[in-house]
Amino acid sequence: MLPSGQLVNSNQQNVDTILSNGLERTVNLTSRGERSSSVERVDPFNPTVISDIGPFMMEGSFADYAALHLVTSSTIARLQELYPAGDFEVSRFRPNILVESGNSKASFTENEWVGRILSIGREVRLQITDPCPRCLIPTLPQGDLSGDPQILRTIAEHNRPSVPVLDGENLPSVGVYGFVISGGTVHCGDFIHLE
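Since we're looking at a predicted model, the values are computed, not measured.

Observations concerning the overall build of the protein chain
Each helix and strand in the protein chain was counted, giving three helices and ten strands. Each helix and strand of the protein chain, ordered N terminal to C terminal, gives the series α-β-β-β-α-β-β-β-α-β-β-β-β. The buried share among the 195 residues of the protein chain stands at 36%. The contacts of the protein chain with a sequence gap of at least 6 include a subset with a gap of at least 24, amounting to 64%. When the accessible area of the protein chain is evaluated, it comes to approximately 11,700 Å², of which 50% is carbon and sulfur surface.

Some details on the pairing of strand β6 (residues 124–133)
Within β6, seven of the ten residues are buried, leaving the element largely enclosed by the surrounding structure. As paired strands, strand β5 (residues 117–120) and β6 are joined by four bridges and run antiparallel to one another. Residue pairing for β6: Leu118 is matched across the bridge by Leu126. Remark: three residues form the turn of the hairpin made by β5 and β6, two consecutive strands paired antiparallel; Gly121 in that turn has positive phi of roughly 65°. With seven bridges connecting them, β6 and strand β9 (residues 173–182) associate as antiparallel partners. Paired with Pro131 across the strands is Val176, a residue of β9.

As for the nonpolar core
With eleven residues, the main nonpolar core is built from Leu68, Leu70, Ile97, Val99, Trp113, Leu118, Ile120, Val124, Leu126, Ile128 and Val176. Looking at this core, the elements with two or more residues in it are β3 (68–72), β4 (97–99), β5 and β6. For this core, the leading source of residues is β6, giving three residues. Beyond its immediate sequence surroundings of up to four residues, Val99 is in contact with Leu70, Val71, Thr72, Ser73, Trp113 and Ile192. In this structure, Phe93, Phe108, Ile151 and Val174 belong to the second largest nonpolar core, which totals ten residues.

Points about the environment of Glu110
Looking at where Glu110 falls in the secondary structure, it is placed in the loop between β4 and β5. Along the primary structure Glu110 and Tyr177 are separated by 67 residues, whereas in three dimensions their C-alpha atoms are 9.8 Å apart. Not counting the four nearest positions on each side in its chain, Glu110 is found in contact with Leu70, Val71, Thr72, Thr75, Gly175 and Val176.

Comments concerning helix α2 (residues 73–82)
For an α-helix, 3.6 residues make a turn, and residues three or four places apart therefore share a direction. Taken residue by residue, α2 has Ser73, Ser74, Thr75, Ile76 and Leu79 as its buried positions. Check the buried side of α2 and you find it contacts β3, β4, α3 (150–158) and β9.

Description of the sheet that holds β3
Judged by pairing direction, the sheet is mixed, and its six strands sit side by side in the order β4-β3-β9-β6-β5-β10 without closing on themselves. The sheet is open, and its two edges are formed by β4 and β10 (192–194), each paired on a single side. For this sheet the average axis-to-axis angle between neighbouring strands, irrespective of direction, equals 35°. Relative to β10, β5 runs antiparallel, the two sharing three bridges. Looking across to β10, one finds that Leu118 is bridged to Leu194. This element, α2, spans β3, β4 and β9 of the sheet and lies at about 60° to β3.

Some points on the pattern of salt bridges
Enumeration according to the criterion identifies two salt bridges in this entry. The shortest N-O distance in the salt bridge between Arg78 and Glu81 comes to 2.3 Å. Placement of the pair is Arg78 and Glu81 together in helix α2, with a separation of three residues, close to one helical turn. The class for Arg78 is partly exposed, based on a relative accessible area of 24%. Looking at Glu81, the relative accessible area reads 48%, which means it is partly exposed. Across the pair Arg125 and Glu195 runs a salt bridge whose closest N-O atoms are separated by 2.9 Å.

Calculation rules
- Residues numbered from 1 in each chain as written.
- Predicted model: local features only at pLDDT ≥ 70, side-chain atom pairs only at ≥ 80, totals over all residues.
- Heavy atoms only, no water.
- Helix = DSSP H or I, 4+ residues; strand = E, 2+ residues; numbered from the N terminus.
- Buried < 20%, exposed > 50% of the residue type's maximum accessible area, 1.4 Å probe, protein only.
- Contact = heavy atoms within 4.5 Å.
- Areas by Shrake-Rupley, 256 points an atom, 1.4 Å probe, with all protein chains shown as cover.
- Pairing = 2+ DSSP bridges.
- Core = buried A, V, L, I, M, F, W, Y, C linked by side-chain atoms within 4.5 Å.
- Axes fitted to C-alpha atoms, helices over the stretch in contact; angles between N-to-C directions.
- Salt bridge = Lys/Arg side-chain N within 4 Å of Asp/Glu carboxyl O.

See below:
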C-alpha cells in the first residue's frame, strides 16, 4: 500500500512507474537483489540519522544480513516480564526459527550463542555470528498487534549486546543471526546442540 492508500501488487502493468510515482523516487521491483545494494535504514533512536546497510546484505538477497534469525522463548518471556503491558508475540520479531527453551529462566539466552555452532536435529548446522539488532519495525502495528514504541525502549534498556559485524557496537537486539554450514530439514520438536 502506498502512502496515498493505493494498493499495488507485483502483477500490475507499469508497477515500477506506479511505485516510483507513489514513493517520489525511481524504483524497480525485482525478485532478486543486485550484487551490490544500497539499503537505507533509519536509526531507531534518532530519525535524522540514515545509514546504508547494503554492504551487510547477503549477495543476491533481500535479507538484512544472514539467512536465518533465531529467537528463544526465554527471550520473549524475559521481555514480557520486563514490560508486562507489552504484547511480545514472537511474530512481532519475525524470526525464521523459535527455539523453545523449556523451563529455563527467562533471559536473553541466545546472546551466549554468538561465535558458536548450533546443530538442529541430525542435519542442520548453523554458524551463529551476531545478535540481531532491532529497528522500529517491531513497534509498528502488525496484523492483530497494536503499535507500541515501548517495545523497542524495553529492548534498548535491557538487552544491548555487542554486535561483532558492526565493530562491537552495543545495540538493542532480539535473537541471533545464523549462517547455514550444512542444510537439511528442520522439524518441529528437533533438539538443538551448541558446539
